[in-house]
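# Working through the structure, step by step
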Amino acid sequence: MSESWQWTTDKFTSDPWRPCYHIAAATGLINDPNGFSFHQGHFQLFYQWNPFGCEHKNKHWGHFSSRDLVHWQSHAAALAPTDWFDKDGCYSGTAVSNGENLELYYTGNVRNGEQRLSYQCKALLQPGGKVEKLGPLTIEGLDNYTGHVRDPKFFRWGEQSWIVLGVQTLDLQGGISLLQQQDQRWCERHYVTKDINFGHPQQAYMWECPDLLQLDDQWLLLACPQGIHSDSAEYNSTNLSGYFTVDMHAGPAELSISNDFQLLDYGFEFYAPQTLQHQGETVLIGWLGLPDEAEHPTVAHNWTQMLGLPRSLSWQDGYLLQQPIAAIRELISGQQQHSYGAGKHSLSGISRSCLLEMELTACGAFQLLLPCGDASLSICANQGQWVIERGELGCANSDKKRVYQSRSENPTKLQLFIDSSSFELFVNDGEAVLSGRLFPQQAWGQAQLVLDDGQVALTLSQLRNSWIEE
Ligand code: FRU
């Protein structure tokens, strides 16, 4: 592999669309984050990875680690699809530190002709980096599902060990299955589903990548229901990523979920997130991609897709807040600050790796236009409605506009991260996030800001590259 590896890595390094401070793989296709954990003094992050091409096949677990969630060190792939129980892909899963080893739980995907089989497997990442595959777990009670059973997420309930899985029933309904560990076996104790009310109630055909976590006093179930059609202006992807609140009083075997499914991201591409809890902080990281996405122009440079920024989660007054992790500020290398009143203002200095922040006072509406050839970005807020539009994306996916209705009438804060071929907009101090990709053919021009009323304190920060080069 070494010669072609070297060649393709060079192409990635010189690619203007290569992220400066987001995770991407130097070759091939990257999708879901996996096994997000803290082990032996480092954050560990694995990811779905086809090292050999830009198609969804040959899924390995790629591996990065970090001390601060900002600077990432790349390691050899932890899992490769080389055994009878994972021969068609080492699919998504979770990691749990047991002190010495890092336990990896993942789905072994097997296809025999038209038939799909899924094995929930375990492996150990040992000190020194050696991985020992232990093969499929013994599981009782998964007979009522099709071959679509995957993405084990491990969690503890008191002293008990549990796994939540995404499943599809024999009548093609998506939901989650909760398994409890009993000695060396895992037994299904509960199945849960809900209609997703996205304009009108609908059943998803599969729920991918479930995650169950407690945030302050509130339990949440994160899931990615597939096959939901929306007639709203807010979203028109059939692959959603969001959460339900969970009543956990009677424990995992009797948990119930709310009717209210909320999106984790109101932008264009966000999917398959995972959370990590460490020292009182909950961090979420997702994939800035969708399962049925069109081909990106970076495929010509032998790589495609990337992960989003890690987000810090909190639960306040019945609402989820998502904020960029504080450590990202370590990348700031230069700053300009301005204060503007009502009127039209221009701003230079938007670059391929920057953070634009606006604190708004007594402002009912603003428009921000960031020109960048055909790939420009425009953000407007008016009477609590935020609209983001991206121009020509540079690939076949022509989805260009998203709308988010805020619960506050006036916009109060905007944080916009730009990184080569991605953007992430944090609205009103973490109330919502809208993220997406775009592939500019030229440098960013002068930004135009129109403020209808009130005032803005604006800060534009340049962000350094966070890659640890080998
Ligand atoms: C979600 C997903 C998972 C699966 C993985 C395969 O994007 O489809 O359900 O484990 O990707 O790469």
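Residues numbered from 1 in each chain as written. Predicted model: local features only at pLDDT ≥ 70, side-chain atom pairs only at ≥ 80, totals over all residues. Heavy atoms only, no water.

### Digging into empty space enclosed by the protein
Considering all chains together, one arrives at three cavities of 30 Å³ or more under this definition. Lining of the largest cavity is provided by 13 residues; of these, Asp151, Cys209, Pro210, Pro273 and Gln274 occupy positions nearest its centre. For the lining of the largest cavity, the secondary structure elements donating two or more residues are strand S1 (28–39), strand S10 (145–157), strand S16 (206–215) and strand S21 (271–278). Partitioning the lining of the largest cavity into residue classes produces six nonpolar, three polar and four charged. Of the volumes computed, that of the second largest cavity is approximately 50 Å³. (1 Å grid on protein atoms, 1.4 Å probe; cavity = no way out; pocket = protein on both sides within 12 Å on 5 of 7 lines; lining within 4 Å. Points joined across faces, edges and corners; volume = space filled by probe spheres on them. Helix = DSSP H or I, 4+ residues; strand = E, 2+ residues; numbered from the N terminus. Nonpolar A, V, L, I, M, F, W, Y, C, P; charged D, E, K, R; others polar.)

### Points about the environment of Gly41
Structurally, the position occupied by Gly41 is in the loop between S1 and strand S2 (42–50). Residues Gly41 and Ser66, 25 residues apart in the sequence, show an inter-C-alpha distance of 9.1 Å.

### With respect to unusual backbone geometry
Although it is not a glycine, Ala272 adopts a positive phi angle of roughly 55°. Tracing the chain through its elements places Ala272 in strand S21.

### Section: the environment of Glu114
Relative to the helices and strands, Glu114 resides in the loop between strand S6 (102–112) and strand S7 (115–125). Classification of Glu114 by relative accessible area gives exposed; the value is 85%. Residues Glu114 and Pro152, 38 residues apart in the sequence, show an inter-C-alpha distance of 23 Å. (Buried < 20%, exposed > 50% of the residue type's maximum accessible area, 1.4 Å probe, protein only.)

### A look at the site of the ligand
Taken together, Asn31, Asp32, Gln48, Lys59, Tyr91, Ser92, Arg150, Asp151, Glu208, Tyr271 and Trp287 make up the full set of residues adjacent to the ligand. At a separation of 2.7 Å, an oxygen atom of the ligand approaches a polar side-chain atom of Gln48. At 2.8 Å from an oxygen atom of the ligand is found a side-chain nitrogen or oxygen belonging to Arg150. Protein contacts shield 92% of the accessible area of the ligand, which totals 320 Å² for the unbound molecule. (Near = heavy atom within 4 Å. Polar contact = N/O pair within 3.5 Å; in protein donor to acceptor, adjacent residues only side chain to side chain. Areas by Shrake-Rupley, 256 points an atom, 1.4 Å probe, with all protein chains shown as cover.)

### Looking at the confidence of the model for the protein
Residues of the protein with pLDDT of at least 70 account for 95%, and the chain-wide mean is 93. This stretch, residues 1–7, has a pLDDT under 50; its non-local contacts, to residues over four places away or in other chains, come to four contacts. (pLDDT = per-residue confidence, 0-100. Contact = heavy atoms within 4.5 Å.)

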